[in-house]
Amino acid sequence: MNQRRPAQNAHRATRGRDEPGGRRATLSRALSKLGYCSRTQAEALIAEGRVSVDGRKTTDPATWVDLDLAMIAVDGAPIAEEKKLYLMLNKPRGLVTTRHDPEGRPTVYDCLKTFDGPHISPVGRLDKASEGMLLFTNDTILAQALLDPITHVTKTYHVQVDRIMDPTLLSRMTTGIMDDGELLTATSARLLRSGDRNAWIEVELKEGRNRQIRRMLEALDVECLRLVRVAIADLVLGDLAKGAVRSLSETEVRLLRQKTGVEKLKRN
């Protein structure tokens, strides 16, 4: 959680639940949207009576507030919306995508130890055995748009498998595979290169089912040796070192916002 100075443009009062306003959210979600802390941390702060809205303490995390109007304070200090931040991590294999792991395993936040800024969250997940591009941001609107299957944002993966992938197997991935009652489909699947006993393929998805690529390969009796996410939309991992983090450029953020339609909504 971040301690910050009172802002001159701190958020002003909200009235009733039914009164029209700007950006409305529950109090716990509002603290997360403002970049102050996670929703779980917010719920704890609210339950402890440390959060006030318009000068009145509230212990109900479901209290509705208008982010553009409400005066929200923690321990009496008004909070203001943080500057939006956008980071890319080249996730190494073996890290779990969570802030705190009850089993004590290393997490992706171990790669952000030198980062000093507001609360940021990963955009989606990569499982422990997967590698590659993982985005972090406090821009919840863009994050949700990137994860929403309606926006059809493509995620590209390079996958090493334990055999030569013939055209029939690749075609099965794009026509769809039933697994546990779900139809799993890749937008495209093509051979990148082959060795004597294994191959690398490129798989594109426009949906994010849990362990989707691994489940598709398992259904085809193909073992996944490595899985690396190399791109989201037109944003590519490039030569970012494993475990390294960099900020996205303004151009990269704008392109992501355009791809998801967030930029258009912002203008309207």
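For clarity, every value in this text was computed on a predicted model and none was experimentally measured. (Residues numbered from 1 in each chain as written. Predicted model: local features only at pLDDT ≥ 70, side-chain atom pairs only at ≥ 80, totals over all residues. Heavy atoms only, no water.)

1. What about the overall build of the protein chain?
In step 1: The helix and strand tally for the protein chain stands at 7 helices and 17 strands.
In step 2: Relative to its 268 residues, the protein chain shows a buried fraction of 46%.
In step 3: On the protein chain, roughly 14300 Å² of surface is accessible, and the fraction owed to carbon and sulfur atoms is 48%. (Helix = DSSP H or I, 4+ residues; strand = E, 2+ residues; numbered from the N terminus. Buried < 20%, exposed > 50% of the residue type's maximum accessible area, 1.4 Å probe, protein only. Areas by Shrake-Rupley, 256 points an atom, 1.4 Å probe, with all protein chains shown as cover.)

2. Focus on the pattern of salt bridges
In step 1: Tallying each qualifying case throughout the model produces 17 salt bridges.
In step 2: Between aspartate 162 and arginine 163 there is a salt bridge, with its nearest N and O atoms 3.4 Å apart.
In step 3: Among the residues examined, aspartate 162 registers a relative accessible area of 27% and is labelled partly exposed.
In step 4: With its nearest N and O atoms 2.8 Å apart, the salt bridge here joins arginine 215 to glutamate 182. Remark: glutamate 182 occurs in strand β12 (residues 182-184) and arginine 215 occurs in helix α5 (residues 212-219); sequence separation between them is 33 residues.
In step 5: With relative accessibility at 11%, the residue arginine 215 sits in the buried group.
In step 6: Given the relative accessible area of 27%, glutamate 182 is considered partly exposed.
In step 7: Among the charged side chains, a salt-bridge network with shared partners connects Asp179, Glu182, Glu207, Arg209 and Arg215. (Salt bridge = Lys/Arg side-chain N within 4 Å of Asp/Glu carboxyl O.)

3. Remarks on helix α6 (residues 250-260)
Given 3.6 residues per helical turn, the α-helix brings residues three or four places apart onto the same face.
In step 1: Among all positions of α6, only Val253, Leu256, Arg257 and Thr260 are buried. Mapping the buried residues of α6 onto a view down its axis gives an arc of 100°, with all of them on the same face.
In step 2: Of the residues one or two after α6, glycine 261 is the one with positive phi, at around 85°. (Arc of directions from axis to C-beta.)

4. Notes on the side chain of threonine 137
In step 1: Assignment of secondary structure puts threonine 137 in strand β9 (residues 131-137).
In step 2: Judged by relative accessible area, which is 8%, threonine 137 ranks as buried.
In step 3: Here aspartate 139 takes part through its backbone nitrogen, which lies 2.9 Å from a polar atom of the side chain of threonine 137.
In step 4: Residues contacting threonine 137, with those up to four places away along its chain left out, are Leu85, Tyr86, Ile120, Ser121, Val123 and Ala143. (Polar contact = N/O pair within 3.5 Å; in protein donor to acceptor, adjacent residues only side chain to side chain. Contact = heavy atoms within 4.5 Å.)

5. Brief notes about the pairing of β9
In step 1: Extensive coverage of β9 is indicated by the burial of 7 of its 7 residues.
In step 2: Across 6 bridges, strand β7 (residues 86-91) lies against β9 in antiparallel orientation. Bridge assignment links methionine 88 to a residue of β9, and that residue is leucine 135.
In step 3: Of the strand pairs in this sheet, strand β8 (residues 121-122) and β9 are connected by 2 bridges, and their pairing is antiparallel. Among the inter-strand pairings, serine 121 is bridged to a residue of β9, identified as threonine 137.
In step 4: Examined bridge by bridge, β9 and strand β15 (residues 224-232) share 2 bridges and lie parallel to one another. (Pairing = 2+ DSSP bridges.)

6. A closer look at the layout of surface pockets
In step 1: Empty space within the largest pocket amounts to approximately 640 Å³.
In step 2: For the largest pocket, the lining is made up of 24 residues, of which Ser32, Ser38, His119, Ser121 and Pro122 are closest to its centre.
In step 3: At the level of secondary structure, the elements contributing two or more residues to the lining of the largest pocket comprise α1 (27-33), α2 (39-47), β8 and α3 (140-147).
In step 4: Here the element with the most residues in the lining of the largest pocket is α3; it accounts for 4 residues.
In step 5: The class makeup of the residues in the lining of the largest pocket is 6 nonpolar, 14 polar and 4 charged.
In step 6: Per-domain counts for the lining of the largest pocket show at least three residues from each of domain 1 (24-78) and domain 2 (86-149 + 238-264). (1 Å grid on protein atoms, 1.4 Å probe; cavity = no way out; pocket = protein on both sides within 12 Å on 5 of 7 lines; lining within 4 Å. Points joined across faces, edges and corners; volume = space filled by probe spheres on them. Nonpolar A, V, L, I, M, F, W, Y, C, P; charged D, E, K, R; others polar. Domains from an automatic or database assignment.)

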